[in-house]
Amino acid sequence: MVITRASVAVCLLFALFVAGCSDIPANIDGGTADTDTDSDTDGDTDTDSDTDSDTDTDTDSYPYGDPCAGEVEVNGVFWCRCDVGQTWNGETCEGDSKHIDWESASDSCPEGYLVPYHTKYAELLGNCDGNFDDDDLIFCDRCDQSDSCIAVFGDPPQPYWTATPYGEMDLAWAVDLHNGKFVAIEMDGTAIVRCRRYE
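Note that the structure is a prediction, hence the values are computed from the model and not measured. (Residues numbered from 1 in each chain as written. Predicted model: local features only at pLDDT ≥ 70, side-chain atom pairs only at ≥ 80, totals over all residues. Heavy atoms only, no water.)

Asker: Got a minute to help me understand the pairing of strand β9 (residues 160–166) in this structure?
Answerer: Along any regular strand the residues' side chains alternate between the sheet's two faces. With respect to burial, β9 is a largely interior element, 6 of its 7 residues being buried. The turn linking β9 back onto strand β10 (residues 171–176) is made up of 4 residues, and G167 within it adopts a positive phi angle of 60 degrees. (Buried < 20%, exposed > 50% of the residue type's maximum accessible area, 1.4 Å probe, protein only. Helix = DSSP H or I, 4+ residues; strand = E, 2+ residues; numbered from the N terminus. Pairing = 2+ DSSP bridges.)

Here you go:
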């Protein structure tokens, strides 16, 4: 009988020692220890092992190349060296200028850049006649008459979108740099885009 009581006491002390010194914390409800599992939304349980191979294919990446890899500064304005659709390789613009509608033009510039308003083109060309506020036709110097325009565009294709709508109609201002003329064209038509950096 004494042996039995001693055995029980030893067993109880051993059980208390193991429960009190274990490195695995018991759940509050007295159930099994927390084994750190992740539950998916479909109801199954996965063990916490990292099997992420991280093959990141960024579907939101900029789709038009990098027209702003090079920049040209004229009068404090930083212009992209290439049209949307082209990429600056350090010496020249590669690829084809994209002809896109006016609504798409606003999303065509890389982050940190925007479609220039008509006033930025007017400043670049110089010697402009007409009044944008009255929706008049505007005539400025041709690009080949303006050192500033040549520095940015060289021998440009045409026309280029501006960010400026024309009156209350579904028209927007575009500029033909060959003749320095601002024209209103339908927003669902297409033109080329040259971006500039946010100021």
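Asker: Looking at this model, I keep getting lost on the nonpolar core. Mind explaining?
Answerer: In a soluble, globular protein the nonpolar side chains are often hidden away together inside. In this structure, Y121, L125, F153, L177 and F182 are the most contacted members of the largest nonpolar core, which totals 22 residues. Mapped onto this core, the elements with two or more residues apiece are β3 (71–74), β4 (77–80), α3 (118–125), α4 (147–153), β9 and β10. Take this core: its biggest share by element is 4 residues, from α3. Every residue in contact with Y121, bar those within four places of it in the chain, is listed here: W79, P116, F153, Y160, W161, T162, V175, L177, F182 and R194. Counting residues in each nonpolar core, the second largest holds 17 residues, with W102, W161, A172 and C195 among its members. (Core = buried A, V, L, I, M, F, W, Y, C linked by side-chain atoms within 4.5 Å. Contact = heavy atoms within 4.5 Å.)

Asker: Just checking my understanding: could you explain the sheet that holds strand β8 (residues 138–139) for this structure?
Answerer: Ordered in space as β8-β11-β10-β9, the 4 strands form an open sheet in which the pairing is antiparallel. Across the chains shown, the open sheet's two edge strands, defined by having one partner strand only, are β8 and β9.

Asker: Whenever I open this one, the state of the cysteines confuses me. Can you help?
Answerer: Such a bond, covalent and formed between the sulfur atoms of two cysteines, is termed a disulfide. Throughout the structure, instances matching the rule amount to 4 disulfides. Shown here is the disulfide that connects C82 with C93, its sulfur atoms set 2.1 Å apart. On the sign convention where negative is left-handed, the bridge of C82 and C93, at about -90 degrees about the S-S bond, is left-handed. Placement of the pair is C82 in the loop between β4 and β5 (87–88) and C93 in strand β6 (residues 93–94), with a sequence separation of 11 residues. Of the residues examined, C82 reaches a relative accessible area of 1% and is grouped as buried. Residue classification places C93 among the partly exposed positions, given a relative accessible area of 24%. A sulfur-sulfur distance of 1.9 Å marks the disulfide that ties C128 to C140. Measuring the twist about the S-S bond at about 110 degrees, one finds the C128-C140 disulfide to be right-handed. A residue pair is termed long-range when its members are at least 10 positions apart, and C128 in the loop between α3 and β8 and C140 in the loop between β8 and α4 qualify at 12 residues. Here C128 falls in the partly exposed class, since its relative accessible area comes to 30%. (Disulfide = S-S within 2.5 Å.)

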